[in-house]
Amino acid sequence: MLSKKLEKALNEQVRIEAESSQVYLSMASWAEGKGLEGIAQFMYNQSDEERLHMLKLVKYINERGGHAQVSALNAPKTDFETFQKMFHELLEHEVFVSKSINDLVHVTLEEKDYATHNFLQWYVAEQIEEEALARTILDKINLIGNDKGGLYLFDRDIQQITANS
Ligand code: OFO
């Protein structure tokens, strides 16, 4: 059985994962509107992944005798200015999510809930991967600079990154 404190903290993470899904959906839509098809597909996939992260938490909370809550979400912004800025925001967002996962892991130790501590290790590992992926993409973007041909190839190649991740 989850403690009330941990149930509340896990539900907060449900909201963060749901908002992450919305943020990436908004990024996907913006990129699609700019004709950046590969980038759009990458963001649609990220959005789907975040929804799965959310669902995994929902099921876990209910399985442990808590009540997973579906709460109101903050609307993401709709204009990302440039794709470079957008990917910087993706990294910043993942760093924020990693911090919230860390805080959550801290609560499991305070509450001596080792089952939830164990469950959250999947998220800890996932965040390492997602941050690394975002940094790899930013390195590629820096290499391209303002080269239009480079952007064309990047938009094509990011579909590969999507397929392999
Ligand atoms: Fe990419 O954030 Fe979920 O865990």
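Owing to the predicted nature of the structure, the values given are computational and were not obtained by experimental measurement.

(A) Highlighting the UniProt feature "domain: Ferritin-like diiron" (unreviewed entry) in the protein. On the UniProt side, "domain: Ferritin-like diiron" (unreviewed entry) is annotated at positions that read residues 1-145 here. The span residues 1-145 carries 80% helix and 0% strand; its end-to-end C-alpha distance comes to 53 Å.

(B) Just the environment of Glu-81, in detail. As for its placement among the helices and strands, Glu-81 is situated in the loop between helix H2 (37-63) and helix H3 (83-110). On the basis of neighbour count, Glu-81 is assigned to the exposed category, with 10 C-beta atoms found within 10 Å. Through-space distance from the C-alpha of Glu-81 to that of Trp-30 is 9.2 Å; in sequence the pair is 51 residues apart.

(C) Focus on the packing of H3 against helix H4 (residues 114-144). Contact pair H3 / H4: the axes reach a minimum separation of 9 Å and the direction vectors enclose 160°. Classified by the angle their axes make, H3 and H4 are roughly antiparallel. Relative to H4, H3 is oriented so that their crossing is left-handed. Looking at the contact of H3 with H4, its residues break down into 16 nonpolar, seven polar and four charged.

(D) Main features of the packing of helix H1 (residues 4-33) against H3. Taken N-terminus to C-terminus, the directions of H1 and H3 make an angle of 170°; their axes are 10 Å apart at the nearest point. In terms of their interaxial angle, H1 and H3 are classed as roughly antiparallel. Contacts from Lys-5, Leu-6, Ala-9, Leu-10, Gln-13, Ile-16, Ser-20, Val-23, Met-27 and Ala-31 in H1 reach Phe-83, Met-86, His-93, Val-97, Ser-100, Leu-104, Val-107 and Thr-108 in H3. Looking at the contact of H1 with H3 residue by residue, the classes come out as 12 nonpolar, five polar and one charged.

(E) Expanded view of the nonpolar core. Core analysis: the biggest nonpolar cluster contains 19 residues, and Met-27, Ala-31, Ile-39 and Met-43 have the highest contact counts within it. If one sorts the elements of this core by residue count, H1 sits on top with six residues. With 16 residues, the next largest nonpolar core counts Ala-9, Ala-18, Val-58 and Leu-104 among its residues.

Thresholds, definitions, all that
Residues numbered from 1 in each chain as written. Predicted model: local features only at pLDDT ≥ 70, side-chain atom pairs only at ≥ 80, totals over all residues. UniProt positions renumbered as here; feature names shortened; annotations may be inferred. Helix = DSSP H or I, 4+ residues; strand = E, 2+ residues; numbered from the N terminus. Buried ≥ 20, exposed ≤ 12 C-beta atoms within 10 Å, placed from the backbone. Axes fitted to C-alpha atoms, helices over the stretch in contact; angles between N-to-C directions. Parallel < 35°, antiparallel > 145°, perpendicular 65-115°, else oblique. Left-handed = near helix turned anticlockwise from the far one by under 90°. Nonpolar A, V, L, I, M, F, W, Y, C, P; charged D, E, K, R; others polar. Contact = placed C-beta atoms within 7 Å. Core = buried A, V, L, I, M, F, W, Y, C linked by C-beta atoms within 7 Å.

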